[in-house]
Amino acid sequence: MHDVLAHNRRAWDRMAAAGQRFTTPARDEQLRDPLAELDPRGWMGGDVAGRDVLCLGSGGGRQSALFAAAGARVTV
């Protein structure tokens, strides 16, 4: 199991060092208006407050923080 964890850690570190999009945390300005980042086309109806959101395969968890900032109940 240690080999798997070490492999995943190295892979994640490489992606983060390269600035891969999903390895970067949400920025403060994105957290102030999270739906502008999550749903620029308005497909979610403009409000997720109080909704249950399940984030599967969520990488660094960036979207989970944005959904929580928008008022959703989030499970990652």
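Residues numbered from 1 in each chain as written. Predicted model: local features only at pLDDT ≥ 70, side-chain atom pairs only at ≥ 80, totals over all residues. Heavy atoms only, no water.

A. Quick look at the side chain of Ser 64. Its place among the elements puts Ser 64 in helix α4 (residues 62-69). Classification of Ser 64 as buried rests on a relative accessible area of 12%. In contact with Ser 64, not counting residues within four places along its chain, are Cys 55, Val 74 and Val 76. (Helix = DSSP H or I, 4+ residues; strand = E, 2+ residues; numbered from the N terminus. Buried < 20%, exposed > 50% of the residue type's maximum accessible area, 1.4 Å probe, protein only. Contact = heavy atoms within 4.5 Å.)

B. α4, seen in detail. All buried positions along α4 are accounted for by Arg 62, Ser 64, Leu 66 and Phe 67. Residues of α4 that are buried in the fold lie against α2 (28-32), α3 (34-38), β1 (52-54) and β2 (73-75). Phi turns positive one or two residues past the end of α4, at Gly 71, with a value near 100 degrees.

C. Focus on the nonpolar core. Counting 10 residues, the largest nonpolar core is built from Ala 26, Leu 35, Leu 38, Val 48, Val 53, Cys 55, Leu 66, Phe 67, Ala 70 and Ala 72. Every element with two or more residues in this core is listed here: α3 and α4. Apart from residues lying up to four places away in sequence, Val 48 is in contact with Leu 35, Phe 67, Ala 70, Gly 71 and Ala 72. (Core = buried A, V, L, I, M, F, W, Y, C linked by side-chain atoms within 4.5 Å.)

D. Seen up close, the environment of Leu 35. Positionally, Leu 35 belongs in helix α3. Under the relative-accessibility criterion, Leu 35 is labelled buried at 18%. In sequence terms Leu 35 and Gly 71 are 36 residues apart; their C-alpha atoms lie 10 Å from each other. Leaving out residues up to four positions away in the same chain, Leu 35 has contacts with Pro 40, Gly 46, Asp 47, Val 48 and Ala 70.

E. Quick peek at the pattern of salt bridges. Per the counting criterion, the structure on display carries 3 salt bridges. Here Arg 73 makes a salt bridge to Asp 52, at a shortest N to O gap of 2.7 Å. Residue Arg 73 is located in strand β2, and its partner Asp 52 is located in strand β1; the two are separated by 21 residues in the primary sequence. Overall, the relative accessible area of 61% leaves Asp 52 in the exposed class. (Salt bridge = Lys/Arg side-chain N within 4 Å of Asp/Glu carboxyl O.)

F. Structural context of a nonpolar patch on the surface. Residues Met 1, Val 4 and Leu 5 make up a contiguous nonpolar surface patch of about 340 Å² in total accessible area. Relative to the assigned elements, Val 4 resides in helix α1 (residues 2-17). (Patch = residues over 30% accessible without salt bridge, like charges linked within 9 Å, V, L, I, M, F, W, Y side chains within 5 Å. Areas by Shrake-Rupley, 256 points an atom, 1.4 Å probe, with all protein chains shown as cover.)

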